[in-house]
Amino acid sequence: MISKIKYVGIFIGSIGYLMKVTHTGLGLFQGNTLVIIGLFLIATYALAKLFGK
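Residues numbered from 1 in each chain as written. Predicted model: local features only at pLDDT ≥ 70, side-chain atom pairs only at ≥ 80, totals over all residues. Heavy atoms only, no water.

Asker: Account for the confidence of the model for the protein, naming residues and giving values.
Answerer: Should the pLDDT be low somewhere, the predicted coordinates at that spot are not to be read in detail. Per-chain confidence: the protein averages 87 in pLDDT, with 96% of residues scoring 70 or above. Confidence scores differ between elements of the protein, with strand β1 (residues 25-26) showing the lowest mean pLDDT of 76 and helix α2 (residues 31-50) the highest of 91. (pLDDT = per-residue confidence, 0-100. Helix = DSSP H or I, 4+ residues; strand = E, 2+ residues; numbered from the N terminus.)

In structure tokens:
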């Protein structure tokens, strides 16, 4: 389960980056927001690995 968080973070971050580069948005989901969510998920994965869960 923990390793899936990393891949979801990478996927959401890459979609957000593509939306940011192409200047697209879907209502509340802007590119910057998705990049931040993706980075937060990757940081969560790193903390979970650090604490050994």
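Read on for the rest.
Asker: So what's going on with the environment of Thr33? Which residues, and what values?
Answerer: Secondary-structure assignment places Thr33 in helix α2. Taking C-alpha positions, Thr33 is 13 Å from Phe11, a pair spaced 22 residues apart along the chain.

Asker: So what's going on with the packing of helix α1 (residues 2-21) against α2? Which residues, and what values?
Answerer: Between α1 and α2, the least distance of the axes is 7 Å, while the angle of their chain directions is 160°. Taken together, the axes of α1 and α2 are roughly antiparallel relative to one another. Seen along the crossing, α1 lies across α2 with a hand that is left-handed. Counted by class, the contact of α1 with α2 contains 15 nonpolar, seven polar and two charged residues. (Axes fitted to C-alpha atoms, helices over the stretch in contact; angles between N-to-C directions. Parallel < 35°, antiparallel > 145°, perpendicular 65-115°, else oblique. Left-handed = near helix turned anticlockwise from the far one by under 90°. Nonpolar A, V, L, I, M, F, W, Y, C, P; charged D, E, K, R; others polar.)

Asker: Mind laying out α2, listing which residues take part and the relevant values?
Answerer: Given a rise of 1.5 Å per residue, 20 residues ought to cover 28 Å, and the 29 Å separating the end C-alpha atoms of α2 matches this to within 8%. Buried residues belonging to α2 abut α1 and β2 (29-30). Downstream of α2 by a residue or two, Gly52 has a phi angle that is positive, lying close to 80°. (Expected span 1.5 Å × (residues − 1). Contact = heavy atoms within 4.5 Å.)

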